Amino acid sequence: QVLLVESGGGLVQAGGSLRLSCVASGRAFSLSIVAWFRQAPGKEREFVAAETWRGGNTYYGDSVKGRFTISRDSAATTVYLQMNRLKPDDTAVYYCAAANSLSPTWSKEALYNYWGQGTQVTVSS
């Protein structure tokens, strides 16, 4: 299996920036796609961004396009989420996710079979 550990969450003022990191261990060599999801209290889990492990193709949710950037370091088996111009609506628990298989359904939770524990991001207004 693959273990995912997120870090980098915290409290930031609106308009500020944070960078989240997710380190994969175990059978990380088998990963095909990595992603970030987020979930605010009382809301459904929302797709944020994804990147194919080999090709580096990126995908973004509409709410974060132009503000967030996903990237990965294959050698370090680490995925990052650079978050700029943060808004209070970005407040959520952010989860790192990964899958062994590629699929056009990259924005769907069901694709991802590995999940981290989440890291809290709070944006003050």
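Criteria and thresholds
Residues numbered from 1 in each chain as written. Predicted model: local features only at pLDDT ≥ 70, side-chain atom pairs only at ≥ 80, totals over all residues. Heavy atoms only, no water. Pairing = 2+ DSSP bridges. Helix = DSSP H or I, 4+ residues; strand = E, 2+ residues; numbered from the N terminus. Axes fitted to C-alpha atoms, helices over the stretch in contact; angles between N-to-C directions. Buried < 20%, exposed > 50% of the residue type's maximum accessible area, 1.4 Å probe, protein only. Salt bridge = Lys/Arg side-chain N within 4 Å of Asp/Glu carboxyl O. Disulfide = S-S within 2.5 Å. 1 Å grid on protein atoms, 1.4 Å probe; cavity = no way out; pocket = protein on both sides within 12 Å on 5 of 7 lines; lining within 4 Å. Points joined across faces, edges and corners; volume = space filled by probe spheres on them. Nonpolar A, V, L, I, M, F, W, Y, C, P; charged D, E, K, R; others polar.

Q: Got a minute to help me understand the sheet that holds strand E1 (residues 2–7) in this structure?
A: Two modes of strand pairing occur in sheets, parallel and antiparallel, and in both the strands are linked by backbone hydrogen bonds. Read from one edge to the other, the open sheet built from four strands follows the order E1-E3-E8-E7, with strand pairing classed as antiparallel. Looking along the sheet, the strands with just one partner apiece sit at the ends: E1 and strand E7 (68–73). On average, each strand axis in the sheet is inclined to that of its neighbour by 15°, with strand direction left out of account. In this structure, E1 lies alongside strand E3 (residues 18–26), joined through six bridges in antiparallel fashion. Counted as the bridge partner of Val2 is Gly26 from E3.

Q: Even after reading the chapter, I still don't get the pairing of strand E5 (residues 46–52), so can you show me in this structure?
A: Successive side chains on a regular strand alternate, one facing one side of the sheet and the next facing the other. In terms of burial, E5 is largely enclosed, as six of its seven residues are buried. In terms of strand pairing, strand E4 (residues 33–39) meets E5 through six bridges, oriented antiparallel. The residue bridging Arg38 from the neighbouring strand is Glu46, located in E5. Between E4 and E5, which follow one another and run antiparallel, lie six residues, and Gly42 among them has a positive phi close to 80°.

Q: How should I be thinking about the pattern of salt bridges in this particular structure?
A: Once the charged atoms of two side chains with opposite charge are near each other, the side chains can pair. On inspection of all chains with the given rule, the structure shows five salt bridges. Of the charged contacts, one joins Arg38 and Glu46 as a salt bridge, the two residues approaching to 2.9 Å between their closest N and O atoms. Of the charged contacts in the structure, one is a salt bridge between Lys65 and Asp62, with a shortest N-O distance of 3.1 Å. Residues Lys65 and Asp62 agree in their burial class; the two are exposed. Members of the salt-bridge network, linked through shared partners, are Arg38, Glu46, Arg67 and Asp90.

Q: What's the story with the state of the cysteines in this structure? I'm lost.
A: A covalent bond between the sulfur atoms of two cysteines is referred to as a disulfide. This structure, assessed with the given rule, holds one disulfide. The residue that forms a disulfide with Cys22 is Cys96, at a sulfur-sulfur distance of 2.1 Å. Because the torsion about its S-S bond is -85°, the bridge between Cys22 and Cys96 counts as left-handed. Of this pair, Cys22 sits in strand E3 while Cys96 sits in strand E9 (residues 92–99), and the two are 74 residues apart along the sequence. Note on Cys22: relative accessible area 1%, which makes it buried.

Q: When you look at the pairing of E9 in this model, what are you seeing that I'm missing?
A: The element E9 is extensively covered by neighbouring structure, given that seven of its eight residues are classed as buried. Two strands pair when backbone bridges link them, and E4 and E9 are joined in this way by seven bridges, in the antiparallel orientation. Note that in E9 the partner of Trp36 across the bridge is Cys96. Two strands pair when backbone bridges link them, and E9 and strand E11 (residues 119–124) are joined in this way by three bridges, in the antiparallel orientation. By the bridge assignment, Ala92 is partnered in E11 with Val121.

Q: Hey, could you run me through empty space enclosed by the protein in this one?
A: A probe as big as a water molecule, rolled over the atoms, marks out the empty space that is left. Taken as a whole and judged by the stated rule, the model has one cavity of 30 Å³ or more. Within this model, the largest cavity holds a volume of roughly 30 Å³. What lines the largest cavity is simply Leu4, Cys22, Ala24, Leu31, Val34, Trp53, Thr77, Thr78, Val79 and Cys96. Where the lining of the largest cavity is concerned, the elements lending two or more residues are E3 and strand E8 (78–83). By residue class, the composition of the lining of the largest cavity is eight nonpolar, two polar and no charged.

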